[in-house]
Amino acid sequence: MTLPQITDRTALLRNRARAKPEALFLQDVAADEVHERLTEVNRTFTSVAIVTGFPDFWAAHYPDATIVSDQETLALAPDTYDLVVHAMCLHWANDPVGQLVQARHALKPDGLLLCTFLGGQTLHELRTSLAEAEAIVTGGLSPRVAPMGEIRDLGGLLQRAGFAMPVADSTPLTASYANAFHLMHDLRKMGENNALAHRIKHITRRNVLTEAATIYAANFRNSDNRVDATFEIITLTGWAPDNTQPQPLRPGSAKARLADALGAKEVPLDRSND
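Remember, it's a predicted structure, so these values are computed and weren't measured experimentally.

Asker: Tell me about the overall build of the protein, and name the residues and values.
Answerer: On a plain count of helices and strands, the protein comes out with nine helices and six strands. Residues counted as buried form 46% of the 274 residues belonging to the protein. Here the contacts in the protein between residues at least 6 apart in sequence split such that 83% fall between residues at least 24 apart. Looking at the protein as shown, the accessible area adds up to about 15000 Å², and 54% of this sits on carbon and sulfur atoms.

Asker: Got a sec to walk through empty space enclosed by the protein? Specific residues and values, please.
Answerer: This model, assessed by the stated rule, comprises one cavity of 30 Å³ or more. Lining the largest cavity are Ala 23, Leu 24, Phe 25, Leu 26, Gln 27, Met 190 and Glu 192. Take the lining of the largest cavity: its biggest share by element is three residues, from helix H2 (residues 25-39). Its residues assigned to classes, the lining of the largest cavity shows five nonpolar, one polar and one charged.

Asker: So what about the pairing of strand E2 (residues 66-69)? Which residues, and what values?
Answerer: Two elements, strand E1 (residues 48-52) and E2, share four bridges in a ladder whose sense is parallel. Bridged to Val 51 within E2 is Val 68. Following the backbone out of E1, through helix H3 (residues 55-61) and into the adjacent parallel E2, one traces a crossover that is right-handed.

Asker: An account of the environment of Arg 152 is requested, with residue identities and associated values reported.
Answerer: The residue Arg 152 is located in helix H6 (residues 151-160) in this model. Since its relative accessible area comes to 68%, Arg 152 is described here as exposed. Once the C-alpha coordinates of Arg 152 and Ala 168 are considered, the two residues, 16 residues apart in sequence, prove to be 8.4 Å apart.

Asker: An account of the pattern of salt bridges is requested, with residue identities and associated values reported.
Answerer: In total, this model carries five salt bridges according to the counting rule given. Here Asp 70 and Arg 9 are joined by a salt bridge, their closest N and O atoms 3.5 Å apart. Placement of the pair is Asp 70 in the loop between E2 and strand E3 (81-87) and Arg 9 in helix H1 (residues 9-17), with a sequence separation of 61 residues. For Asp 70, a relative accessible area of 8% gives the class buried. Close ionic contact of Arg 43 with Asp 110 constitutes a salt bridge, the shortest N to O distance being 2.8 Å. One end of the pair, Arg 43, is in the loop between H2 and E1; the other, Asp 110, is in strand E4 (residues 107-118), with 67 residues separating them in the sequence. A residue is classified by how much of its surface remains accessible, and Asp 110, at 16% relative accessible area, is buried. Within the structure, one salt-bridge network assembled from shared partners comprises Arg 9, Arg 16 and Asp 70.

Conventions used here
- Residues numbered from 1 in each chain as written.
- Predicted model: local features only at pLDDT ≥ 70, side-chain atom pairs only at ≥ 80, totals over all residues.
- Heavy atoms only, no water.
- Helix = DSSP H or I, 4+ residues; strand = E, 2+ residues; numbered from the N terminus.
- Buried < 20%, exposed > 50% of the residue type's maximum accessible area, 1.4 Å probe, protein only.
- Contact = heavy atoms within 4.5 Å.
- Areas by Shrake-Rupley, 256 points an atom, 1.4 Å probe, with all protein chains shown as cover.
- 1 Å grid on protein atoms, 1.4 Å probe; cavity = no way out; pocket = protein on both sides within 12 Å on 5 of 7 lines; lining within 4 Å.
- Points joined across faces, edges and corners; volume = space filled by probe spheres on them.
- Nonpolar A, V, L, I, M, F, W, Y, C, P; charged D, E, K, R; others polar.
- Pairing = 2+ DSSP bridges.
- Right-handed = clockwise from strand over helix to strand, strands pointing away.
- Salt bridge = Lys/Arg side-chain N within 4 Å of Asp/Glu carboxyl O.

In structure tokens, the structure reads:
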């Protein structure tokens, strides 16, 4: 089966090559998030792989780790690592579940996956403003902001990929800018500008961008007379299955009743009128 191509890899790599180190604050936040999660795990990891589109950044934070590009097929040896960090690139993956499956295969039993990426609330202000502006000026819409998963759906990705004890949580961030043009310029410096396969290939008309900036300012201006932009970092945590891990009980195998534990009286359900 051929997967739909959401991301233009050539454009994505070109965008990342133009990124500026001083603008990678989202990578900084993700690195802090990974560090915090690892401090909460009572374990020493000796074989670490990091999947990333920004190898220099993550190699500086984890100099002993194996750094792997986030290509469709990951260069990860199977059953090799006790920690895989998938760092801030799953939102550009054409096959996110496939990426997670490959990470699981690369882990030893009871190995840990930490996956950080941008979630569905990211840039909702810009998405709304651009869509409204384009509808007003051109009478149509074109893909401009990558589709990103919502937190309520993302835990299921880990289960589909075969991970045990899956957890998904969200860290919302708000950044402020002088205007929408400054935000879009910052996105280019982050390497997170439009790399969608079906994006318009010509330069966006200036009046579309001006209209979008006007709509943005009218709806998302803060008390400092600047505009807010939301970034949502999702963190997925999962473990490669191992028989030493806690296992759920089979239905009907409980040795005690909940009513006894709560000191409550059980009342039979009357279904005589069904």
